[in-house]
Amino acid sequence: MSHDFPPGSVWLVGAGPGDPDLLTRKAERLIAAADIVFYDALVGPGVLALIPDGTERVSVGKRSGRHSKDQVSINVLLARAALTGKRVVRLKGGDPSIFGRSTEELDHLAAHGITVRICPGITAASAAAASGGASLTLRGLARKLTFVTAHARAGEALDLDWTALAAPDATLAVYMGRAAAGEVARNLIAAGRAPDTPVMVAVNVSLPSERILRGRLSALAFLVETISDHDPALLLIGEAIAVSSIACGANDGADAQLGVRAASANRPVRFPTDAACGEL
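A short tour of the structure in this document, coming up. Keep in mind the model is a prediction, meaning the values are calculated, not measured.

### Quick word on the overall build of the chain
Thinking step 1. For the chain, the helix and strand inventory stands at eight helices and 14 strands.
Thinking step 2. Of the contacts made within the chain by residues no fewer than 6 positions apart, 70% connect residues no fewer than 24 positions apart.
Thinking step 3. When the accessible area of the chain is evaluated, it comes to approximately 12800 Å², of which 52% is carbon and sulfur surface.

### Some details on the packing of aromatic side chains
Thinking step 1. With the rule as written, the count across this model stands at two aromatic pairs.
Thinking step 2. Ring pairing ties together the aromatic residues F99, F147 and Y175, which thus form one cluster.

### Regarding helix α3 (residues 71–83)
Thinking step 1. Between its first and last C-alpha, α3 extends 18 Å over 13 residues, near the 18 Å set by a 1.5 Å rise per residue.
Thinking step 2. Near the N-terminus of α3, the side chain that reaches the backbone nitrogen of V72, with its oxygen 3.3 Å away, is that of D70.
Thinking step 3. Just downstream of α3 lies G85, where phi reads positive at about 95°.

### Some points on the nonpolar core
Thinking step 1. Within the largest apolar cluster, 25 residues are counted, with the highest numbers of intra-cluster contacts made by V174, V184, L188, V201, L220 and I237.
Thinking step 2. Of all the secondary-structure elements, those providing two or more residues to this core are α6 (162–165), β9 (170–175), α7 (181–190), β10 (198–203), α8 (220–223) and β12 (233–237).
Thinking step 3. Here this core gets four residues from one element, more than from any other, and that element is α7.
Thinking step 4. Dropping the residues within four chain positions of it, I237 is found in contact with A170, T171, L172, V174, V184, L188, R193, T197, P198, V199, L217 and L220.

Criteria and thresholds
Residues numbered from 1 in each chain as written. Predicted model: local features only at pLDDT ≥ 70, side-chain atom pairs only at ≥ 80, totals over all residues. Heavy atoms only, no water. Helix = DSSP H or I, 4+ residues; strand = E, 2+ residues; numbered from the N terminus. Contact = heavy atoms within 4.5 Å. Areas by Shrake-Rupley, 256 points an atom, 1.4 Å probe, with all protein chains shown as cover. Phe/Tyr/Trp six-rings, centres within 6.5 Å; stacked < 30°, edge-to-face > 60°. Expected span 1.5 Å × (residues − 1). Polar contact = N/O pair within 3.5 Å; in protein donor to acceptor, adjacent residues only side chain to side chain. Core = buried A, V, L, I, M, F, W, Y, C linked by side-chain atoms within 4.5 Å. Buried < 20%, exposed > 50% of the residue type's maximum accessible area, 1.4 Å probe, protein only.

The following block contains the structure:
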């Protein structure tokens, strides 16, 4: 048995964006060694299939507007399992430390004297950029990278520093951004971001049903209209996103675009020319 996973301890494990091939070797080892696995709704089915048949599994999935367990209840379940001597894996989509509410779980477990560690995972923004054949940063055009979440309490507006987020030399990754896409675009443009700034919308990143949609900031609200409420979507906004040379065929024809301007005079946008590509 692994020396770093004694009975009565907990690992918060990043499950990555969904594709089991993007899971770290350490994460796979911890999953195999666990006595019980508590997993989120966004953990891919291929990753869940790696849980051994004899291992107890508990869904604690949280999706926008649909929570099977609240955070306090999850904290209690994790501590209870560890205090009975079980090796506990808390399996979280993406990376546990990026909008994963890890701090609440870390604090609660530590308060009960339980050893808890974090195993990082590939976050959705990295996987989305890879699928779209783009870089999140680009010399001379995108010197900064900012991650934000567009999730807000029901009836509340997004409380973000739009002036800072509208910086033209930055790439902005908006998690849980489908429902707020129109509000994000309006606020960024009002704060000075160019309406024709390139955007990429990644749906079901890394899964067989993945879709990559491209367009410009002013059309972002229209771009997300084709996305189901049940499909997780990530928004990538910035000049670096326009520069791509991966053919549409790599996504089995799922790549569609609303034309955007070139990122710069000497860095033209290279959209796919595959016949399967469609225009929105």
